[in-house]
Amino acid sequence: MPDQERQLIDRTVVVSGASRGIGLAIALAAAAEGANVVLLAKTAEPHPRLPGTVHTAAAAVEAAGGRAAAVVGDVREEADVRRVVEIALRRFGGIDVCVNNASAIATEPTERLPVKKFDLMHDVNIRGMFLLTQACLPHLREAANPHVLTIAPPVNLNPRWLGAHPAYTLSKYGMTLLSQGWAAEFADAGIGFNCLWPQTYIATSAVANLADGERQLAAARSPRIMADAAVAILTRPAKQVTGNCFIDADALSFYAGIDDLSGYGGGENPMPDLFLD
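Owing to the predicted nature of the structure, the values given are computational and were not obtained by experimental measurement.

Calculation rules
- Residues numbered from 1 in each chain as written.
- Predicted model: local features only at pLDDT ≥ 70, side-chain atom pairs only at ≥ 80, totals over all residues.
- Heavy atoms only, no water.
- Salt bridge = Lys/Arg side-chain N within 4 Å of Asp/Glu carboxyl O.
- Helix = DSSP H or I, 4+ residues; strand = E, 2+ residues; numbered from the N terminus.
- Buried < 20%, exposed > 50% of the residue type's maximum accessible area, 1.4 Å probe, protein only.
- Pairing = 2+ DSSP bridges.
- Axes fitted to C-alpha atoms, helices over the stretch in contact; angles between N-to-C directions.
- Contact = heavy atoms within 4.5 Å.
- Expected span 1.5 Å × (residues − 1).
- Parallel < 35°, antiparallel > 145°, perpendicular 65-115°, else oblique.
- Left-handed = near helix turned anticlockwise from the far one by under 90°.
- Nonpolar A, V, L, I, M, F, W, Y, C, P; charged D, E, K, R; others polar.
- Lys, Arg positive; Asp, Glu negative; His and termini not counted.

Draft legend 1. Representation of the pattern of salt bridges in the model. A complete count under the given rule lists five salt bridges for this structure. The partner of Asp-228 in a salt bridge is Arg-224, with the nearest N and O atoms 3.8 Å apart. Here Asp-228 pairs with Arg-224, and both are found in helix H9 (residues 224-234), just four residues apart, close to one helical turn. On the accessibility criterion, Asp-228 (25% relative accessible area) is partly exposed. In this structure Arg-224 comes out as partly exposed when scored by relative accessible area, which is 40%.

Draft legend 2. The sheet that holds strand S6 (residues 192-197), seen in detail. As summarised here, the arrangement of the seven strands in space is S3-S2-S1-S4-S5-S6-S7, forming an open sheet in which the pairing is parallel. Only two strands of the sheet have a single neighbouring strand rather than two, namely strand S3 (67-72) and strand S7 (244-247). Ignoring which end each strand starts from, the neighbouring axes of this sheet average 20° apart. Relative to strand S4 (residues 97-100), strand S1 (residues 12-16) runs parallel, the two sharing three bridges. What sits directly across from Val-13, in S4, is Val-97. Contacting S4, strand S5 (147-151), S6 and S7, helix H6 (residues 166-185) runs over the sheet at an angle of about 150° to S6. On top of the sheet, helix H10 (residues 248-256) reaches S6 and S7; it is set at about 95° to S7, its chief contact.

Draft legend 3. Here's a closer look at helix H3 (residues 78-92). If you check H3, its first and last C-alpha atoms are 21 Å apart, about what 15 residues at 1.5 Å a residue would give, namely 21 Å. On the buried face of H3, the contacting elements are S1, strand S2 (36-41), S3 and helix H4 (115-140). Remark: Gly-93 follows H3 within two positions and exhibits a positive phi of approximately 85°.

Draft legend 4. Spatial organisation of the packing of H3 against H4. Relative orientation of the contacting elements H3 and H4 amounts to 30°, with a least axis distance of 9 Å. What the angle tells us is that H3 and H4 run roughly parallel. Where H3 crosses over H4, the handedness of that crossing is right-handed. Residue-level inspection shows Glu-78, Val-81, Arg-82, Val-85 and Leu-89 of H3 in contact with H4, the latter providing Leu-131, Leu-132, Gln-134, Ala-135, Cys-136 and His-139. For the contact of H3 with H4, the class distribution of residues is seven nonpolar, two polar and two charged.

Draft legend 5. Fine view of the side chain of Thr-200. With respect to the secondary-structure elements, Thr-200 resides in the loop between S6 and helix H7 (205-208). The class of Thr-200 is buried, set by a relative accessible area of 2%. Thr-200 has contacts with Arg-221, Pro-270, Met-271, Pro-272 and Asp-273, leaving out every residue within four places of it along the chain.

Draft legend 6. Inspection of the side chain of Arg-20 at higher detail. Relative to the assigned elements, Arg-20 resides in the loop between S1 and helix H1 (21-32). Buried within the structure, Arg-20 lacks any salt-bridge partner; Glu-45 is the closest side chain of opposite charge, at an N-O distance of 11 Å. Sequence-distant contacts of Arg-20, that is, excluding residues within four places in its chain, are made with Thr-43, His-47, Leu-50, Pro-51, Gly-52 and Ser-205.

Structural data, given as structure tokens:
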């Protein structure tokens, strides 16, 4: 694609949880639009069950047409998050987009959920999102079209979702409420705060490692649908697009005119994702 058509040319995008899955897909889609991508992930060495490291992700970003900076770190640690921002500023001169993708999940019933997993979910999902967004905010204020995009669901108070896995639900809804709260708090700053959630299961390594992973993968769409939806949102004027909880299919239809989703896989009846009735 010629540079004049690349919509994120020279914009700097910070992505947490970027070594694989949805985070990597968003990083690659941003790179294809000309972005500089700063990738934060804990995986520095290959995992026995999960492909990819932050370094292989950075190489893929550069192969896709962007410039990359790989940062090995934990989104829960303030020092690591500050280091991500410092590297973004030193390498690329600013921050235009913050993508809160890192997330932890544990869906055991309350009586069987270890406190360690409860703490992990809230530390990664809520604390991590808070730390990264807070650290990026002063620099987003200086950007031409600043966005914060968080991978979190619309708040659905259907008892089905409240009761299915209350601790995990609380952590994900906490991410959503923070995003919507910031949209109100920073309404005059011109920063777009939005959430994005998949309409269906997404074919990631985490799904593949489930007990019935093969069946679920067959009914799951490619992470590319989330990436394409993210780019569609992040290239809109931030002042006009804020405070939303987008579903990927709806964002693609509304902003990119894409209604045929068959190219993303999942078969004729892809499996609906959590939190969607």
